[in-house]
Every structure is written in C-alpha cells, then in structure tokens.
Amino acid sequence: MTISKKETSILIEIFYSVVFALVFLPYFYENQNKNLILMDGLMDIIIQIVISSVIYFAVCYSILEIVFKRKESRDERDDMIDSKSYKLGYLLYELSLFIIIGYICSQLQNKELLNLTGNHELYNSFQLTDGGIVFLILVLLASISIIKSLYHFYLHRTN
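Predicted model only: the values in this text are computed from it and were never measured. Along every chain, residues carry numbers that run from 1 in the direction the sequence is written. Thresholds applied to this predicted model are a pLDDT of at least 70 for local features of residues and 80 or more for the giving and counting of side-chain atom pairs; totals over whole chains, interfaces and linings are not thresholded and use all residues. Only hydrogens and water are set aside; all other atoms, that is, all heavy atoms of the structure, feed into the side-chain values.

**Q** For this particular structure, what's the right way to read the pattern of salt bridges?
**A** Each salt bridge in this description consists of a side-chain nitrogen of Lys or Arg and a carboxyl oxygen of Asp or Glu lying within 4 Å of one another. Within this structure, the stated rule accounts for six salt bridges. Across the pair Arg-74 and Asp-82 runs a salt bridge, and its minimum N-O distance is 2.4 Å.

Set out below in structure tokens:
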C-alpha cells in the first residue's frame, strides 16, 4: 500500500489534530469554570500552541518535500475531492455555530429559571464562563478538523 504525497499531508494534519486534542484540551477542560483572566498560565499555553504548531508543521512538511521530491500532478478529481471535504467541513462549522449558540442560550435560560424559582443562592453561583465557551469551541474545532481530514483522506484513497 503506497501513500501519495497528498495523502501523507492529510495524515500529518490528522495526527496534529489528535495530538492537539490529547495534549492541549485537558488544560482548557480543567479551567472551563474560570474566566479567561483568571486562567493560570493561559498566555504560556497559547505560546506553546503557536510555537509547537509552527515547529511541527515546518518539520513535517520539510521532511515531506524531501521524501517526495517530484511534484504530483493536479487534476479535476483533486479539485472535486477538495471541494467535497471542504463542503463537509463548512457544514460541520455551521452546525457547531448552532451548538455554541444553543449552549449559551440554554445556560442563560437555566439561570433565569433559577431566578424564577426563588433560589437566589444557586442563581448567584450560576455563571456562564469564558473558559467553558472556549473549551466547547476548541473541542468542536478539533473534532471538525479530524472529521474533515479523515473524509478527505477517505476520498483520496477511494478515488
């Protein structure tokens, strides 16, 4: 089973998305009950994400160019595969937008329901945090990236 340069590039993206989810998402999960200002080491983790992403992709794509020296031809089939995978990614991004809006609205509605029941202690302790929203966004983005790349890889392998 030989893997082409395009397929290897897609596998590099999939591997990065999985590693990102396993390495960086636990930090945001632990801090999802905090505001962005109160998160300890948020700037450090953002700097780590940026630096590790740049180094990872620079090294991987440099090795990819060295291993696959010849340029692969691009035809209509490749454009069709790219269009299908990006269409799926776009639809998933749209779906995730509705999920995020629904999450925020349901949290605000739950808070108002606590106010109407007269339970002021729970009402005052209930808060919609920036960390929870950021965690939800990052989980959705990582999962969408993995799904889109897997579909892209599947289309390359089957066509």
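So, next bit.
**Q** Explanation requested: the packing of aromatic side chains in the structure shown.
**A** One pair of aromatic rings is described through two measures. These are the centre distance and the angle between the planes. Here is the rule: rings of Phe, Tyr and Trp (six-membered ring for Trp) pair when centre to centre is within 6.5 Å. Planes less than 30 degrees apart are stacked, more than 60 are edge-to-face, and the remainder are tilted. Inspection of the entire model under this criterion finds nine aromatic pairs. Ring geometry for Tyr-56 versus Phe-57: centroids 5.1 Å apart, planes at 75 degrees, classification edge-to-face.

**Q** I would appreciate a short explanation of the packing of helix 1 (residues 5-23) against helix 6 (residues 130-158) in the present structure.
**A** Each pair of packed helices gets described by two things: the angle between the helix axes and the distance between those axes. Only the stretch in contact is used when fitting a helix axis, every axis being a line fitted to C-alpha atoms; angles between N-to-C directions are given from 0 to 180 degrees. Only DSSP runs of H or I covering at least 4 residues are called helices, and only runs of E covering at least 2 are called strands; the numbering of each starts at the N terminus. Viewed as axis vectors pointing N to C, helix 1 and helix 6 meet at an angle of 160 degrees, and their least axial separation amounts to 9 Å. Put simply, helix 1 runs roughly antiparallel to helix 6. Considering how the two elements wind past one another, helix 1 and helix 6 form a crossing that is left-handed. In this structure, helix 1 contributes Lys-6, Glu-7, Ile-10, Leu-11, Glu-13, Ile-14, Ser-17, Val-18, Phe-20 and Ala-21 to the contact, and helix 6 contributes Leu-138, Ala-142, Ser-145, Ile-146, Ser-149, Leu-150, His-152, Phe-153, His-156 and Arg-157. Considering only residue class, the contact of helix 1 with helix 6 consists of 11 nonpolar, five polar and four charged. By definition in this entry, angles of less than 35 degrees are roughly parallel, angles greater than 145 are roughly antiparallel, angles of 65 to 115 are roughly perpendicular, and the rest are oblique. Working rule for handedness: look at the near helix, and if it is turned counterclockwise from the far one by less than a right angle, call the crossing left-handed; if clockwise, right-handed. Working rule for contacts: check all heavy atoms of both residues, and any pair within 4.5 Å makes them a contact. All residues other than Ala, Val, Leu, Ile, Met, Phe, Trp, Tyr, Cys, Pro, Asp, Glu, Lys and Arg, Gly among them, are scored as polar; the first ten of these are nonpolar and the last four charged.

**Q** Any chance you could explain helix 4 (residues 76-117) here in plain terms?
**A** Along an α-helix, residues three or four apart share an orientation, since each turn contains 3.6 residues. Helix span, expected: 1.5 Å multiplied by one less than the number of residues in the helix. With 42 residues, helix 4 should reach 62 Å at 1.5 Å per residue; the first-to-last C-alpha distance of 61 Å fits that figure. Here's how the labels work: a residue is buried when its accessible area is under 20% of the maximum for its type, exposed when over 50%, partly exposed in between, all with a 1.4 Å probe on protein chains only. If you check which residues of helix 4 are buried, you get Asp-78, Ile-81, Asp-82, Ser-85, Gly-89, Leu-92, Ser-96, Ile-100, Gln-107 and Leu-114. Looking at the residues trailing helix 4, positive phi occurs at Gly-118, about 90 degrees.

**Q** Is there a simple way to think about the environment of Ile-37 in this case?
**A** Mapped onto the elements of the fold, Ile-37 is located in the loop between helix 2 (25-30) and helix 3 (42-67). Judged by relative accessible area, Ile-37 falls into the exposed class, the value being 80%. In the structure, Ile-37 is positioned 93 residues away from Asp-130 in sequence and 9.0 Å away in space, judged by C-alpha atoms.

**Q** What should I look at first to understand a nonpolar patch on the surface in this one?
**A** A surface patch of nonpolar side chains, amounting to about 910 Å² of accessible area, comprises Met-43, Ile-46, Ile-47, Val-50, Ile-51, Val-54, Ile-55, Val-59, Ile-63 and Val-67. By secondary structure assignment, the location of Val-67 is in helix 3. When its relative accessible area of 56% is taken as the criterion, Val-67 is described as exposed. The patches reported here contain residues having more than 30% relative accessible area and no salt bridge. Joining distances are 9 Å for like charges and 5 Å for nonpolar side chains (Val, Leu, Ile, Met, Phe, Trp, Tyr). Residue burial considers only the protein chains on display, and all accessible areas are found by Shrake-Rupley using a 1.4 Å probe.

**Q** In this structure, what is going on with helix 1? I would like to understand it.
**A** Its 19 residues give helix 1 an end-to-end C-alpha distance of 27 Å, which sits within 8% of 27 Å, the value for a rise of 1.5 Å per residue. Residues of helix 1 that are buried: Lys-5, Glu-7, Ser-9, Ile-10, Ile-12, Ile-14, Tyr-16, Ser-17 and Phe-20. Where the residues of helix 1 are buried, they touch helix 2, helix 3 and helix 6.

**Q** It is not clear to me how the confidence of the model for the protein should be interpreted in this structure. Could you clarify?
**A** In low-pLDDT regions, the fine details of the predicted coordinates are not to be read closely. Looking at any residue, its pLDDT shows the predictor's confidence there, from 0 to 100. Residues with a pLDDT of 70 or more make up 95% of the protein, whose mean pLDDT is 88. Averaged pLDDT values over the elements of the protein bottom out at 67 in helix 5 (residues 120-125) and peak at 94 in helix 3.

**Q** How do you make sense of the nonpolar core when you look at a structure like this?
**A** What tends to happen in soluble globular proteins is that the nonpolar side chains get buried as a cluster. Phe-20, Tyr-27, Phe-28, Leu-42, Ile-45 and Ile-49 are the most contacted members of the largest nonpolar core, which totals 17 residues. No other element matches helix 3, which puts six residues into this core. Those residues in contact with Phe-28 that sit more than four places away from it in its chain are Leu-42, Ile-45, Ile-49, Val-134, Phe-135 and Leu-138. Within this scheme, the nonpolar core is defined by two criteria: the residues are buried Ala, Val, Leu, Ile, Met, Phe, Trp, Tyr or Cys, and they are joined through side-chain atoms within 4.5 Å.

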